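Close look at the chain arrangement
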Amino acid sequence: MTPIMIAALGLLMVATAFLSGLFGMAGGLILIGVLLALMPLPTAMVLHAITQMASNGWRALLWRAHIRWRPVANYMVGAAIALAAWSLTRYVPDKPMALLLLGATPFMARLLPSNIKPDPDRLWQGSVYGTICMGLMLMTGVSGPLLDTFFLGGDFGRREKVATKAMCQLVSHFTKLIYFGGVIDQAATLDPVLAGVAIAASMLGTTLARRLLEAMTDQQFIAWSNKLITTVACYYIAYGGWLLVRTPVLAAFAKGGLQ
């Protein structure tokens with residue numbers, strides 16, 4: 001990558017880490033879409049994993065007093081199960097499928113009946129959510145919107161939700177790094193300069209978001225999170241759908257043009 005492109009990606013990473021630091025989500029959802037458009041899927045997944053590990057790890061450190069450790073431990077059991085299962089197949093989705101799943105993830109979470117409230121402190125529920133979320137992570141690069149449902153049944157304020165989710169996401173992205181950086185057949189490598197920029201940008205964006213999160217109310221937090229996620233998800237469904245039909249559509253036009 002050219003220095004200009006690395007600098008542009010660095011600015012984008014600051015902005016997306018700021019969003020994630022503010023809402024506990026959305027930033028990673030935006031970043032993985034851009035990376036998928038710029039580079040091969042395994043490379044995009046590795047860079048995204050490093051960026052999000054830095055962002056979530058720094059966020060967890062800043063809010064460490066608010067982390068609920070039992071849900072994190074339950075989630076880790078499910079993540080380990082998913083990694084073991086996926087390592088048997090070493091499946092890597094193509095870009096259109098990854099983008100479509102990326103856009104569908106938030107709506108999957110909203111399809112759950114309103115009377116179902118998961119209990120994050122129960123081992124079996126944490127394991128189930130951990131397995132499903134980790135599976136989505138390995139297909140799309142993110143699982144944040146669905147992971148939010150993991151906290152619905154718990155008594156979480158916005159600080160506890162952001163802090164505990166950051167720890168769960170740190171586990172998820174580390175697992176994703178292992179999978180795309182070493183397990184799959186076409187394992188990716190990464191420019192160390194770009195990796196360093198990603199880590200620094202993620203930490204900066206996360207730090208900048210802290211004061212604004214303190215000033216928000218829980219009601220504002222929920223309202224803005226939902227609007228942002230819905231907008232981004234709809235874009236990815238449209239973009240992934242276009243990539244899926246682009247080749248046959250262009251081929252049909254080309255064939256018609258030759259007649």
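Remember, predicted model here, so these are calculated numbers, not experimental data. (Residues numbered from 1 in each chain as written. Predicted model: local features only at pLDDT ≥ 70, side-chain atom pairs only at ≥ 80, totals over all residues. Heavy atoms only, no water.)

1. Some remarks on the overall build of the protein chain
In terms of helices and strands, the protein chain carries ten helices and zero strands. In the protein chain, the order of α-helices and β-strands from amino to carboxyl end is α-α-α-α-α-α-α-α-α-α. For the protein chain, with 259 residues in total, the buried portion stands at 49%. Intrachain contacts of the protein chain at a sequence separation of at least 6 include 84% that bridge at least 24 residues. When the accessible surface of the protein chain is summed, it comes to about 11900 Å², and 69% of that surface belongs to carbon and sulfur atoms. (Helix = DSSP H or I, 4+ residues; strand = E, 2+ residues; numbered from the N terminus. Buried < 20%, exposed > 50% of the residue type's maximum accessible area, 1.4 Å probe, protein only. Contact = heavy atoms within 4.5 Å. Areas by Shrake-Rupley, 256 points an atom, 1.4 Å probe, with all protein chains shown as cover.)

2. What about unusual backbone geometry?
Note: most residues except glycine have negative phi, and most peptide bonds are trans. The backbone phi angle of Arg 90 is positive, close to 55°, even though this residue is not glycine. With respect to the helices, strands and loops of the structure, Arg 90 is situated in the loop between α4 (69–89) and α5 (95–110). Here Arg 90 falls in the partly exposed class, since its relative accessible area comes to 41%.

3. Section: α4
A rise of 1.5 Å per residue sets the reference length of α4, with its 21 residues, at 30 Å; its end C-alpha atoms lie 31 Å apart and thus fit the reference within 8%. Taken residue by residue, α4 has Pro 71, Val 72, Asn 74, Tyr 75, Gly 78, Ala 79, Ala 82, Leu 83 and Trp 86 as its buried positions. Of the residues flanking the end of α4, it is Arg 90, one or two places downstream, whose phi is positive at about 55°. (Expected span 1.5 Å × (residues − 1).)

4. What to know about the nonpolar core
For soluble globular proteins, the rule of thumb is that nonpolar side chains tend to be buried together. Among the nonpolar cores identified, the biggest contains 40 residues, and Tyr 179 and Phe 180 are the most heavily contacted of them. Beyond its immediate stretch of four places on either side in the chain, Tyr 179 contacts Leu 83, Trp 86, Ser 87, Arg 90, Tyr 91, Leu 138 and Ile 184. Judged by nonpolar contacts, the second largest core, of 24 residues, contains Cys 133, Met 167, Ala 209 and Phe 221. (Core = buried A, V, L, I, M, F, W, Y, C linked by side-chain atoms within 4.5 Å.)

5. As for the pattern of salt bridges
In total, this model carries two salt bridges according to the counting rule given. The partner of Asp 121 in a salt bridge is Arg 68, and the shortest N-O contact between them spans 3.7 Å. Taken together, the residues Asp 121 in the loop between α5 and α6 (123–140) and Arg 68 in the loop between α3 (41–62) and α4 connect sequence positions 53 residues apart. Residue Arg 68 is classed as partly exposed on the basis of its relative accessible area of 23%. Note that Arg 68 is salt-bridged to Glu 160, the shortest N-O span being 3.6 Å. One end of the pair, Arg 68, is in the loop between α3 and α4; the other, Glu 160, is in helix α8 (residues 158–183), and 92 residues separate them in sequence. Glu 160 sits in the partly exposed class, given a relative accessible area of 24%. Here the residues in one salt-bridge network are Arg 68, Asp 121 and Glu 160, joined through shared partners. (Salt bridge = Lys/Arg side-chain N within 4 Å of Asp/Glu carboxyl O.)

6. Overview of the packing of aromatic side chains
Here the structure, examined in full by the defined rule, presents three aromatic pairs. Aromatic side chains Trp 86 and Tyr 91 sit 5.9 Å apart centroid to centroid with 40° between the ring planes, which places their arrangement in the tilted category. On the accessibility criterion, Tyr 91 (37% relative accessible area) is partly exposed. A ring pair is formed by Tyr 179 and Phe 180, whose centres lie 5.1 Å apart and whose planes are at 90°; its orientation type is edge-to-face. (Phe/Tyr/Trp six-rings, centres within 6.5 Å; stacked < 30°, edge-to-face > 60°.)

7. Some points on the confidence of the model for the protein chain
Taken residue by residue, the protein chain gives an average pLDDT of 81. The fraction at 70 or more is 87%. For the protein chain, helix α7 (residues 144–148) is the element with the lowest average pLDDT, namely 70, and α4 is the one with the highest, namely 91. (pLDDT = per-residue confidence, 0-100.)

8. Details of the UniProt feature "transmembrane region" (unreviewed entry) in the protein chain
The UniProt record marks residues 29–51, 72–92, 98–116, 128–147, 193–213 and 233–254 with the feature "transmembrane region" (unreviewed entry), using the residue numbering of this structure. Taken end to end, residues 72–92 has its terminal C-alpha atoms 27 Å apart, with 86% of it in helix and 0% in strand. (UniProt positions renumbered as here; feature names shortened; annotations may be inferred.)

9. Considerations on the state of the cysteines
Going through the model one piece at a time under the given rule, you end up with zero disulfides. In this model Cys 168 remains outside any disulfide bridge; the closest cysteine sulfur is found in Cys 133, 8.6 Å from its own. (Disulfide = S-S within 2.5 Å.)

10. Remarks on the packing of α4 against α6
Direction vectors running N to C along α4 and α6 enclose 45°, while the axes themselves pass 6 Å from each other. By the angle class used here, α4 and α6 are oblique. For the pair α4 and α6, the sense of crossing is right-handed. Contacts between α4 and α6 pair Asn 74, Tyr 75, Val 77, Gly 78, Ala 79, Ile 81, Ala 82 and Trp 86 from the former with Leu 123, Gly 126, Ser 127, Tyr 129, Gly 130, Thr 131, Cys 133, Met 134, Gly 135, Leu 138 and Met 139 from the latter. In terms of residue class, the contact of α4 with α6 is made up of twelve nonpolar, seven polar and no charged. (Axes fitted to C-alpha atoms, helices over the stretch in contact; angles between N-to-C directions. Parallel < 35°, antiparallel > 145°, perpendicular 65-115°, else oblique. Left-handed = near helix turned anticlockwise from the far one by under 90°. Nonpolar A, V, L, I, M, F, W, Y, C, P; charged D, E, K, R; others polar.)

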